[in-house]
Amino acid sequence: MSSGVSEFGRAAIEEDNHGNKVTRTRRLALKDKYGLKIPGFASAKYFEDKNNPLDPQYPKGRIPVMPRFVVGYSPDIANTIANGMPDKKFREKYGDDTYKRASSEYMRAALQAKWCTLLECAGQANDLYYMLDNLKPEETKHMDKNELEVAKKMAASMAAYFTRALDAAYERAKSDEKEKAAMRSAMNDKICQTITLRSNFTYTSNRGQESKSA
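Computed from a prediction, not measured in an experiment: that's the story for all the values here. (Residues numbered from 1 in each chain as written. Predicted model: local features only at pLDDT ≥ 70, side-chain atom pairs only at ≥ 80, totals over all residues. Heavy atoms only, no water.)

## Quick look at the overall build of the protein
What counts, and what does not: By definition, any uninterrupted DSSP run of H or I lasting at least four residues is a helix, any uninterrupted run of E lasting at least two residues is a strand, and each is numbered from the N terminus. Buried means the residue's accessible area, taken with a 1.4 Å probe over protein chains only, is under 20% of the maximum for its type, while exposed means over 50%, and partly exposed covers the values in between. The contact criterion used throughout is that any non-hydrogen atoms of two residues lie within 4.5 Å. Under the convention used here, a 1.4 Å probe and the Shrake-Rupley method define accessible areas, while residue burial counts only the protein chains that appear.
Along the backbone of the protein there are seven helices and five strands. In the protein, the order of α-helices and β-strands from amino to carboxyl end is β-β-β-β-β-α-α-α-α-α-α-α. Within the span of the protein, comprising 214 residues, buried residues form 30% of the whole. If you take every contact in the protein between residues at least 6 apart in sequence, the share linking residues at least 24 apart comes to 62%. Accessible area for the protein stands at about 14800 Å²; split by element, carbon and sulfur atoms hold 51% of it.

What follows is the structure in structure tokens.
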């Protein structure tokens, strides 16, 4: 790399609003960046599967290519889940009626969070799959071919998985009023809408076609 360029960006001398010369850090060109160069994917330097340490799905160490998803929902849902499911002590302190109401609120928030997560992951997975399947030659010239092939296989697998999961959830919602209410709430959740629309804009809209993801 040339002088004034690092993994964090390139140094640029510019003028501020008062005409003073200041040094700012600007984004590197893709060709100058270290590491993975595939949008929507990241590398993990250090990884340990703590769910099953005796028989981990992945060995401890580096994961060179992994998907990067953004998941979120409204503050009301997040706060309710963060407070946790009311326990025996809560019941003894506030009484049965308050306990039942708090328990119902928690279960409702958990269902809404599940639907937000499903909608967001299904949307992002399908958007990533579409993007990788429609990359132009000039977009891939700085990407590692082996990493790109791994990312394409991951994207195809994730798109199929989350599409099936979302279809199964839609089917359950047809006969379960609580699932249906949570589904409608998630579809109207501003955070969920923003994440889904931003994914669509980032990965597909600039390629002349809207994503067909949920």
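## Quick notes on the confidence of the model for the protein
Rules: Confidence of the prediction at every residue is given by pLDDT, a number between 0 and 100.
A residue-level look at the protein finds 87% of positions with pLDDT of 70 or above and a mean pLDDT of 86. Ranking the helices and strands of the protein by mean pLDDT puts helix α6 (residues 177-187) first, with 97, and strand β1 (residues 5-6) last, with 56. For the stretch residues 209-214, pLDDT sits under 50, and the model shows 17 contacts to residues farther than four places along the chain or on other chains.

## A look at the nonpolar core
The condition that has to hold: Grouping buried Ala, Val, Leu, Ile, Met, Phe, Trp, Tyr and Cys residues that are joined through side-chain atoms within 4.5 Å yields what is termed a nonpolar core.
Grouped together as the largest cluster of nonpolar side chains are 29 residues, with contacts concentrated most on I38, F41, W115 and L132. The residues contacting L132, other than those within four sequence positions of it, are I38, F41, L148, A151, K152 and A155.

## As for the environment of G72
Here G72 shows up in the loop between β5 (61-67) and α1 (75-83). A relative accessible area of 13% means that G72 is categorised as buried. Along the sequence, G72 and Q193 sit 121 residues apart, while their C-alpha atoms lie 9.9 Å from each other.

## Remarks on the packing of aromatic side chains
To describe a pair of aromatic rings, you give the distance between the ring centres and the angle between the ring planes. Convention followed: Any two of the Phe, Tyr and Trp rings considered here, Trp counted by its six-membered ring, make a pair once their centres fall within 6.5 Å; the pair's planes then place it as stacked at under 30 degrees, edge-to-face at over 60, or tilted in between.
Under the defined criterion, the tally for this structure stands at four aromatic pairs. Note on W115 and Y170: the rings are 5.6 Å apart at their centroids and 45° apart in plane angle, and the pair reads as tilted. Residue W115 is located in helix α3 (residues 96-133), and its partner Y170 is located in helix α5 (residues 145-173); the two are separated by 55 residues in the primary sequence. Judged by its relative accessible area of 0%, W115 falls in the buried class. According to the relative accessible area criterion, Y170 is partly exposed, its value standing at 24%. Through a chain of ring-to-ring contacts, three or more aromatic side chains come together here, namely F69, Y161 and F162.

## Some words on the side chain of E120
Within the secondary structure, E120 is located in helix α3. Residue contacts for E120: discarding those within four places in its chain leaves V70, V71, G72, I191, C192, I195 and T196.

## Describing the packing of α5 against α6
Here is the rule we go by: Orientation is described by lines fitted to C-alpha atoms, with helices fitted over the stretch in contact, and by angles between N-to-C directions that extend from 0 to 180 degrees. Any angle that is under 35 degrees is reported as roughly parallel, and any over 145 degrees as roughly antiparallel; angles of 65 to 115 degrees are reported as roughly perpendicular and all others as oblique. Take the far helix as the reference: if the near one is turned anticlockwise from it by less than a right angle, the crossing is left-handed, and if turned clockwise, right-handed. Polar here means any residue other than Ala, Val, Leu, Ile, Met, Phe, Trp, Tyr, Cys and Pro, which are nonpolar, and Asp, Glu, Lys and Arg, which are charged; Gly is therefore polar.
Running from amino to carboxyl end, α5 crosses α6 at an angle of 125°, the nearest separation of the two axes being 8 Å. In terms of their interaxial angle, α5 and α6 are classed as oblique. Along this stretch, α5 crosses α6, giving a crossing that reads as left-handed. In this structure, α5 uses Y170, R172 and A173 to contact α6, whose residues at the interface are E179, K180, M183 and M187. Looking at side-chain class alone, the contact of α5 with α6 contains four nonpolar, no polar and three charged residues.

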